[in-house]
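Take a look at the letters that make up each chain.
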Amino acid sequence: MNSSSFDTVTFESSADKAIIDNLIKYAIAPRPICFASTIDAAGNVNLSPFSYFNLMAHQPPICVFSPLRRMRDGSTKHTLDNIQEVNEVVINIVNYAMVQQQSLASTEYSKELNEFDKSGFTPIPSLHVRPPRVAESPVQLECRVREVIALSDEPGAGNLVIAEVLYMHVHRELLHKNNTIKQEELDLVARLGGDWYCRVTNENLFIVPKPLRSLGIGVDQLPESIRLSKVLTGNHLGLLANVESLPVLEQASQEDKYLNYLRLNFQQGSPQLTQKVHEYAAQLLDTEQLDKAWQVLLSL
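Because the structure is a prediction, the values reported are computed rather than measured.

Novice: For this particular structure, what's the right way to read the layout of surface pockets?
Specialist: A water-sized probe, rolled over the atoms, reveals where empty space remains. In this structure, the largest pocket occupies an estimated 1,300 Å³ of space. For the largest pocket, the lining is made up of 45 residues, of which Asp21, Lys25, Tyr52, Leu68 and Lys77 are closest to its centre. The element contributing the most residues to the lining of the largest pocket is helix H1 (residues 17-27), with six residues. A breakdown of the residues in the lining of the largest pocket according to their chemical character gives 16 nonpolar, 16 polar and 13 charged. When its volume is computed, the second largest pocket comes out at roughly 970 Å³. Taken together, 26 residues form the lining of the second largest pocket, with Leu55, Ile93, Gln183, Leu186 and Leu188 sitting closest to its centre.

Encoded structure:
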């Protein structure tokens, strides 16, 4: 699609701070939730969720999350204060069964109150770090904090907590025999903008073949009639272009009943036939029939 067909509104970060602060949380989403349990030097436990969170490395496994300074006065949150006293944290992954209690734990209770008690979660001892784990969490990561990077001292400023995963605990029923996770049963949730969340259910899971497994020819090498199709979407073109070489028309494609029906009812080379064939190919691509879609397209 020609880039000129997109109408955009532009905001400058220095001039439109309030607007961007609101909009960006809708756009950079979904964000996984770091449900962090920490402890201070006196033994006071804190449990709080953060959606500025992700995995940053495998060897060693490194997670990063960011407790922001409070917008009203720029003060730091209990999680960050605790980490600076005791450089350990447990990152408890949040699924749908615990999302409402997790939200309750985000309430700014006073430091002496334990969010485990307020939210109703069950604390269990960790193996290697002092903060407790959340028993209800499907995956719990015991971490040592390597470094905290303060991005500024202004209200809303982030503090990047770089945490190395030492131990990973997974609910047994979520593991296959080969120790891979049953993704469809994890039932993860993630944060969006405002009060919005999303849920990773089996119905909205899908697979995208990794291009690293083959050197795709690229969209630029697709035949012009395919590349400039008014029917095929960018996703369709991406699938078609992820082949190592341009396929060759096979005799078996001539036996496709629906394709033969189209040939009988629309004139060869007509725009109508092209549109119908491309619509058929799109349906095949949407049902993961890449090879057949290519044969249909090559038949024109």
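Novice: Before we go on, may I ask you to explain the side chain of Glu142 in this structure?
Specialist: Position of Glu142 relative to the elements: it lies in strand E8 (residues 139-150). Despite its burial, Glu142 pairs with no opposite charge; the closest candidate is Arg133, at 4.0 Å N-O. Engagement of the side chain of Glu142 in a polar contact is seen with the backbone nitrogen of Leu127, the distance being 2.7 Å. Excluding residues that lie within four positions of it along the chain, Glu142 makes contacts with Val89, Val90, Ser126, Leu127, His128, Val129, Arg133, Glu164, Val165, Leu166, Tyr167 and His169.

Novice: It is not clear to me how the nonpolar core should be interpreted in this structure. Could you clarify?
Specialist: Soluble, globular proteins show a tendency: their nonpolar side chains are buried together. Formed by 21 residues in total, the largest nonpolar core has its most connected members in Leu222, Ile226, Leu232, Leu240 and Val296. Counting only elements with at least two residues in this core, the list comes to helix H7 (234-240), helix H8 (257-265), helix H9 (271-286) and helix H10 (290-298). Excluding anything up to four places from it in sequence, Ile226 contacts Leu232, Leu237, Leu240, His278, Trp294 and Leu297. Formed by 19 residues, the second largest nonpolar core is a distinct cluster that contains Val89, Ile93, Val145 and Leu186.

Novice: Sorry, what's going on with a nonpolar patch on the surface here?
Specialist: Among the surface-exposed residues, Val9, Phe11, Ile19 and Leu23 lie close enough to one another that they form a single nonpolar patch of about 340 Å² accessible area. With respect to the helices and strands, the residue Ile19 is situated in helix H1. Here Ile19 falls in the partly exposed class, since its relative accessible area comes to 38%.

Novice: What's the story with the pairing of strand E4 (residues 62-65) in this structure? I'm lost.
Specialist: If a strand is regular, its side chains alternate between the two faces of the sheet. Burial along E4 is two-sided: the face carrying Ile62 and Val64 and the face carrying Cys63 and Phe65 are both buried. Sheet analysis places strand E3 (residues 53-57) next to E4, joined by four bridges and oriented antiparallel. Residue pairing for E4: Ala57 is matched across the bridge by Ile62. In sequence, E3 turns back onto E4 through a hairpin of four residues. Strand direction decides the pairing type here: E4 and strand E9 (residues 159-170), joined by four bridges, are antiparallel. Within E9, the residue paired with Ile62 across the bridge is Glu164.

Novice: I'm lost on the environment of Gln84 in this one. Help?
Specialist: Along the chain, Gln84 falls in helix H2 (residues 78-85). Gln84 sits in the exposed class, given a relative accessible area of 54%. Through-space distance from the C-alpha of Gln84 to that of Glu147 is 9.4 Å; in sequence the pair is 63 residues apart.

Novice: Even after reading the chapter, I still don't get the packing of aromatic side chains, so can you show me in this structure?
Specialist: Two numbers describe a pair of aromatic rings. These are the distance of the centres and the angle of the planes. Inspection of every chain in the model, using the stated rule, returns four aromatic pairs. The interplanar angle of 70° and the centroid separation of 5.5 Å between the aromatic rings of Phe35 and Phe121 together place this pair among those described as edge-to-face. Separated by 86 residues along the polypeptide, Phe35 in strand E1 (residues 34-39) and Phe121 in the loop between helix H4 (115-119) and strand E6 (123-124) bring together distant segments of the chain. Each member of the pair, Phe35 as well as Phe121, is classed as buried.

Novice: Is there a simple way to explain unusual backbone geometry in this structure?
Specialist: Excluding glycine, residues mostly carry a negative phi; peptide bonds, for their part, are mostly trans. Note that the residue after Ala29, namely Pro30, is joined by a cis bond; omega there is 0°. Counting through the fold element by element, Pro30 comes out in the loop between H1 and E1. Here the amide bond leading from Gln59 into Pro60 is cis, since omega sits at -5°, within 30 degrees of zero. You can see Pro60 is positioned in the loop between E3 and E4. At Asn179, a position not held by glycine, the phi torsion is positive, near 65°. Look at Asn179 and you get exposed, because its relative accessible area is 60%. The backbone of Glu288 shows a phi angle near 60°, a positive value even though the residue is not glycine. Along the chain, the position of Glu288 falls in the loop between H9 and H10.

The rules we used
Residues numbered from 1 in each chain as written. Predicted model: local features only at pLDDT ≥ 70, side-chain atom pairs only at ≥ 80, totals over all residues. Heavy atoms only, no water. 1 Å grid on protein atoms, 1.4 Å probe; cavity = no way out; pocket = protein on both sides within 12 Å on 5 of 7 lines; lining within 4 Å. Points joined across faces, edges and corners; volume = space filled by probe spheres on them. Helix = DSSP H or I, 4+ residues; strand = E, 2+ residues; numbered from the N terminus. Nonpolar A, V, L, I, M, F, W, Y, C, P; charged D, E, K, R; others polar. Buried < 20%, exposed > 50% of the residue type's maximum accessible area, 1.4 Å probe, protein only. Lys, Arg positive; Asp, Glu negative; His and termini not counted. Salt bridge = Lys/Arg side-chain N within 4 Å of Asp/Glu carboxyl O. Polar contact = N/O pair within 3.5 Å; in protein donor to acceptor, adjacent residues only side chain to side chain. Contact = heavy atoms within 4.5 Å. Core = buried A, V, L, I, M, F, W, Y, C linked by side-chain atoms within 4.5 Å. Patch = residues over 30% accessible without salt bridge, like charges linked within 9 Å, V, L, I, M, F, W, Y side chains within 5 Å. Areas by Shrake-Rupley, 256 points an atom, 1.4 Å probe, with all protein chains shown as cover. Pairing = 2+ DSSP bridges. Phe/Tyr/Trp six-rings, centres within 6.5 Å; stacked < 30°, edge-to-face > 60°.

Spatial relationships are all this shows, so hold off on functional conclusions.
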